[in-house]
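# Structural overview
Now for the letters of each chain:
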Amino acid sequence: LKFNDVNFYFLNEYKQLDMDVNAQKLALSGNFSSDEFTLKTEAILLVNQINSESKSMMKNKYVYVNTALAVNQKTKIYTISKGELSFQDLKFKLSGKIKDQVEGVNLDIKTTGDEMGINKLFSLFPEAEQEKLNAYKTDGIITYTSTVKGELSAKKSPAFNAEFSIANGSVIEKSSDQALTNIILNGSFTNGENRNGKSSKLILKEVEANFGAGKIA
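Let me sum up the structure you'll find in this document. (Residues numbered from 1 in each chain as written. Predicted model: local features only at pLDDT ≥ 70, side-chain atom pairs only at ≥ 80, totals over all residues. Heavy atoms only, no water.)

### Brief notes about the overall build of the chain
Scanning the chain from N- to C-terminus turns up two helices and twelve strands. Its helices and strands in sequence order give the chain the pattern β-β-β-β-β-β-β-α-α-β-β-β-β-β, from N to C terminus. Principal-axis analysis of the C-alpha atoms places the extent of the chain at approximately 70 × 30 × 30 Å. Here the chain, with 217 residues, has 31% of them falling under the buried criterion. Taking the contacts inside the chain whose residues are at least 6 apart along the sequence as the reference set, 44% of them involve residues at least 24 apart. Counting only carbon and sulfur atoms, one obtains 52% of the accessible surface of the chain, whose full area is about 13900 Å². (Helix = DSSP H or I, 4+ residues; strand = E, 2+ residues; numbered from the N terminus. Buried < 20%, exposed > 50% of the residue type's maximum accessible area, 1.4 Å probe, protein only. Contact = heavy atoms within 4.5 Å. Areas by Shrake-Rupley, 256 points an atom, 1.4 Å probe, with all protein chains shown as cover.)

### Some remarks on the side chain of D20
Positionally, D20 belongs in strand β2 (residues 17-29). In terms of polar contacts, D20 uses its side chain to reach the side chain of N7, at 2.8 Å. Residues within four places of D20 in sequence aside, it is in contact with N7, F8, Y9, L46, V47, N48 and Q49. (Polar contact = N/O pair within 3.5 Å; in protein donor to acceptor, adjacent residues only side chain to side chain.)

### What about the sheet that holds β2?
On the basis of which strands lie adjacent, the open sheet formed by twelve strands has the order β1-β2-β3-β4-β5-β6-β7-β8-β9-β10-β11-β12 and antiparallel pairing. Edge positions in the sheet fall to β1 (2-12) and β12 (214-216), since each has one partner strand and no second. Pairs of neighbouring strands in the sheet enclose a mean axial angle of 15 degrees, with direction left out of account. One ladder, built from eight bridges, connects strand β10 (residues 179-190) with strand β11 (residues 201-211); its direction is antiparallel. Counterpart to T190 in the pairing with β11 is K201. (Pairing = 2+ DSSP bridges. Axes fitted to C-alpha atoms, helices over the stretch in contact; angles between N-to-C directions.)

### Section: the pairing of strand β8 (residues 136-152)
Judged from the eleven bridges that link them, strand β7 (residues 105-117) and β8 form a sheet pairing that is antiparallel. Bridge assignment links K110 to a residue of β8, and that residue is T147. When β8 meets strand β9 (residues 159-173), the two strands line up antiparallel, connected through 13 bridges. Note on β9: the bridge partner recorded for T145 is E163.

### What about a nonpolar patch on the surface?
A cluster of nonpolar side chains, contributed by F189, L202, L204 and V207, occupies part of the molecular surface with about 350 Å² of accessible area. Among the elements that make up the nonpolar patch, the one with the highest residue count is β11 (three residues). (Patch = residues over 30% accessible without salt bridge, like charges linked within 9 Å, V, L, I, M, F, W, Y side chains within 5 Å. Salt bridge = Lys/Arg side-chain N within 4 Å of Asp/Glu carboxyl O.)

### Some points on the pattern of salt bridges
If the charged atoms of two oppositely charged side chains come close together, the side chains can form a pair. Tallied over the full model, the rule gives two salt bridges. K74 is paired through a salt bridge with D35; the nearest N and O atoms lie 3.8 Å apart. Placement of K74 in the loop between β4 (55-72) and β5 (77-87) and of D35 in the loop between β2 and β3 (36-52) is noted, with a sequence separation of 39 residues between them. On the accessibility criterion, D35 (40% relative accessible area) is partly exposed. Put simply, K93 and E84 hold a salt bridge, and the shortest N to O gap is 3.4 Å. Overall, K93 belongs to the partly exposed group, its relative accessible area being 47%. Judged by its relative accessible area of 30%, E84 falls in the partly exposed class.

### Quick word on the packing of aromatic side chains
The tally for this structure, following the rule as stated, stands at five aromatic pairs. Between the aromatic rings of F32 and F37, the centroid separation amounts to 5.7 Å while the plane-to-plane angle is 80 degrees, which identifies the pairing as edge-to-face. What makes F32 partly exposed here is its relative accessible area of 40%. Relative to F92, the ring of F87 lies with its centre 6.1 Å away and its plane at 80 degrees, an arrangement referred to as edge-to-face. You can call F92 buried: its relative accessible area is 9%. One aromatic cluster in this structure is built from F87, F92 and Y144. (Phe/Tyr/Trp six-rings, centres within 6.5 Å; stacked < 30°, edge-to-face > 60°.)

Given below as structure tokens:
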């Protein structure tokens, strides 16, 4: 199956979430009539907008998808045998399982990203955050791992937990030329017990950096 220039709009009033995505190219292949088969997906998607609680989370970003799912229609379990996902120039690997349920799906997915540029990662931030970050010049490498576990349905969201580290980082304030260099940082992010923005937490630990002639630790 092949589709070109198909638009998808998703609205969840309960979660105050809406999403507008254009599938510029979408190709699906597999033996759909079989109880067990491999579903291959290749797609070029343009995320026109994602809004959460009336805040813009993503706008005008390209997503590239190349995945293969081992589908078992009897157990309703889909295992990711190949998972490649790219946001702009950032590449991620996916692994794990998806189980179809009466209400939504149950997710157990791991995402990894190695040696990604910090400046490229910041390009995925919401516009309001990007405007603040424009005052700084950034450099360095970030390694990222995350898990998504639990039910995804109209009224429930899965648990999201991520760990990341930064090496050889630098942040320079453009107006003053003040700089943090040789940044080493480990951190984590979670959407918390309520699995939403209000219970989300960002934790920074093991932070080291040079500031002028001194050192921050």
